[in-house]
Amino acid sequence: MLILRESSYIYVRNLRTWLAQPTMIVAAVLSSAVMYLFFGEPLRGITGLPGFPAADYQAFLTAMVIVMAVVFSGSDMAMVLLTDIMSGYVDKLLLSPVNRFSILLGTLAIGATRAIAQVVAIILVATAIGVRFEGGVAGILAVIAATTLLGVAMGCVGLIIAVRTRSVQVTVNSWLLFMPLAFLTSAFMPRDLITGWFQFAVGLNPIEYILVAVRTVIIDGWVWEHIVPGFWVLLGTSAVLIGLATYEYRRATN
Amino acid sequence: MQRPPAVLVQGLEKTYPGGTRAIDGIDFTVEQGEFFGFLGPNGAGKTTTIKILATLLSKSGGHVEVAGIDIDQDARAVRSSIGVALQEVGLDDLSKGRDFLVLQGRLYGVGRAEANRRADELLELVGLSGVGKRKIGSYSGGMRRRIDLAGALMHRPNILFLDEPTSGLDPQSRLAIWEHLEQLNAQGVTVMLTTQHMDEADRLCRRLAIIDHGRLVAEGSPGALKAAVGGDVVRVSFGPMDSPDGRADIALGTLRRLPAVQEADTTPDGLTATVDDGGAAAPAILRALNDAEIPVANLAVTRPSLDDVFLHHTGREIRESDADEDAESRVWGQWMGVNRR
């Protein structure tokens, strides 16, 4: 498969670029650890509320930390891509005879890699502070697989932002766009305990369903009725975003 | 069978979204093995043309063949057979020089072992062997151009497109690049470069096209272009004279009677004469002035420079500056319909 071989070259280059910026990696891991500290400690008492589904708030938060890290990685991806566009490196790739799709694949694959690295780091931190994964090893693998796909989907959003705007100003601040996706969720409080417009908005956010599925696997294990909706939403959202990104990409390179 | 020309351009047009007409119907041919120069000021359409030939930018009209392949039919085959180094280099600052070369080779389908061998060979050729393991971000301007050139050569292309390969470089680095290019051309590689430097065009290019406002205004060898502008100019300054009154007029009359002289005029300290061939006319002028007992202190023959050629065809002098070609945004900008200024 020529496309796979070509995209592997571009992937290796992207990987090297990423590894050549250790600050980015350290910041990504640190931000996750810090989230446990800042949200986990002060909100610990929430578990005492009637109807709260988990005894351990750190375990409850783990899904939030994972999903949030992956959602915001879309904003990072946008910046990484924009840097390559601005420097003319993308033009350099387009000058070569490689398939356009290989370039896209090599780019999305790095989004997946970053998601995996981040999620593995979070799971290690979670394990270190005593979070128990009810879904077992299979659950951990499923969480990694699901968030990898989510990472690709968010990478697609980043790609669309970078390609559409070509603006550092917009791209640097694109995390604002990801904020409602990450925060209009039951990240801190189960949906039953949220009220009013917020509860309504949470119901419209696709990330919410993915978050619930991930959290269920972590705190309850394989409770299918809470996992299956998230699974379909993830699949649907990813398909739409990958399709859109491919479309934008083709438009931009023709 | 006759080999197809390296580049065949017929009626090429390019209008950017937003209405800027960058290329206004140009035709030219570059034969295989030629060293062809595209000379013009900023914004003349040089970069746009190179980008269209390299399949990075779409054209609005006309027919283009590169290496005998219609760029509309098989852009990928065109990309495989050419090497390109653009002005906005697009180098990967975080990558090491040698890694960049190997990747560049792999993207063009060069095998792993060959890519590694070739990378070392090219680092040697462009004099960067010592810094192949350093990140490109740490390279100087001249080193960046050289690594970029090496990258364009990884797959041994027969045709090389270079956009202002030496702009912004110090004289030593320019000379080094010129020597590499001459060496490549001697090995049979067709080179087409854009430049706004007369000395560069004069030294390297066997044939030139002058482009201004998206149109070709002149084409030919540097020598022929200069000859077409007009003859050589012979400048004479007089030596000390006992009775200078009226001598200048006598000298002028003497020169005007010579068949080789097309035109003559006085200057504060002597005269100038326009002639077809300065080398042949100079002795005759000296002899005639000697016969008329006009002492000559100095005689110089100047040939028209490419600057004169440019002035002649465009009505202005080329503006030498290292600014980017603003109107010619890169592909991404073009797609956005944005003309970055």
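Since we're looking at a predicted model, the values are computed, not measured.

**Digging into the overall build of chain A**
Alright, step 1. Each helix and strand in chain A was counted, giving 11 helices and 0 strands.
Alright, step 2. Scanning chain A from its N terminus toward the C terminus, one meets helices and strands in the order α-α-α-α-α-α-α-α-α-α-α.
Alright, step 3. Here chain A has a C-alpha radius of gyration of 19 Å; the compact-globule value for 254 residues is 18 Å, and the two agree.
Alright, step 4. With respect to the principal axes defined by its C-alpha atoms, chain A has extents near 60 × 35 × 35 Å.
Alright, step 5. Looking at chain A as a whole, 52% of its 254 residues are labelled buried.
Alright, step 6. Restricting the contact set of chain A to residue pairs at least 6 apart, pairs at least 24 apart contribute 76%.
Alright, step 7. Counting only carbon and sulfur atoms, one obtains 72% of the accessible surface of chain A, whose full area is about 11100 Å².

**Topic: the packing of aromatic side chains**
Residues and elements named next belong to chain A.
Alright, step 1. The full count for this structure, using the stated rule, is 12 aromatic pairs over all chains.
Alright, step 2. Seen in terms of ring centroids, Phe39 and Phe188 are 4.8 Å apart; in terms of plane orientation they differ by 50°. Their pairing is tilted. Taken together, the positions of Phe39 in helix H2 (residues 22–40) and Phe188 in the loop between helix H8 (175–183) and helix H9 (196–204) put the pair 149 residues apart, joining distant regions of the chain.
Alright, step 3. Among the residues examined, Phe39 registers a relative accessible area of 27% and is labelled partly exposed.

**Quick notes on the domain arrangement of chain B**
Alright, step 1. According to the domain assignment, chain B consists of domain 1 (7–95 + 155–226 + 316–336) and domain 2 (231–302).
Alright, step 2. Centre-to-centre, using C-alpha coordinates, domain 1 of chain B lies 44 Å away from domain 2 of chain B.

**Details of the packing of helix H3 (residues 57–87) of chain A against H8(A)**
Residue and element names in this part refer to chain A.
Alright, step 1. Contact pair H3 / H8: the axes reach a minimum separation of 9 Å and the direction vectors enclose 160°. Considered as vectors, H3 and H8 are oriented roughly antiparallel to each other. Crossing hand, H3 versus H8: right-handed. In this structure, H3 contributes Met68, Val71, Phe72, Gly74 and Ser75 to the contact, and H8 contributes Trp175, Phe178, Met179, Leu181, Ala182 and Phe183.
Alright, step 2. Looking at the contact of H3 with H8 residue by residue, the class counts come to 9 nonpolar, 2 polar and no charged.

Calculation rules
Residues numbered from 1 in each chain as written. Chains lettered and ligands numbered in written order. Predicted model: local features only at pLDDT ≥ 70, side-chain atom pairs only at ≥ 80, totals over all residues. Heavy atoms only, no water. Helix = DSSP H or I, 4+ residues; strand = E, 2+ residues; numbered from the N terminus. Rg over C-alpha atoms; globule rule 2.2 N^0.38 Å. Buried < 20%, exposed > 50% of the residue type's maximum accessible area, 1.4 Å probe, protein only. Contact = heavy atoms within 4.5 Å. Areas by Shrake-Rupley, 256 points an atom, 1.4 Å probe, with all protein chains shown as cover. Phe/Tyr/Trp six-rings, centres within 6.5 Å; stacked < 30°, edge-to-face > 60°. Domains from an automatic or database assignment. Axes fitted to C-alpha atoms, helices over the stretch in contact; angles between N-to-C directions. Parallel < 35°, antiparallel > 145°, perpendicular 65-115°, else oblique. Left-handed = near helix turned anticlockwise from the far one by under 90°. Nonpolar A, V, L, I, M, F, W, Y, C, P; charged D, E, K, R; others polar.

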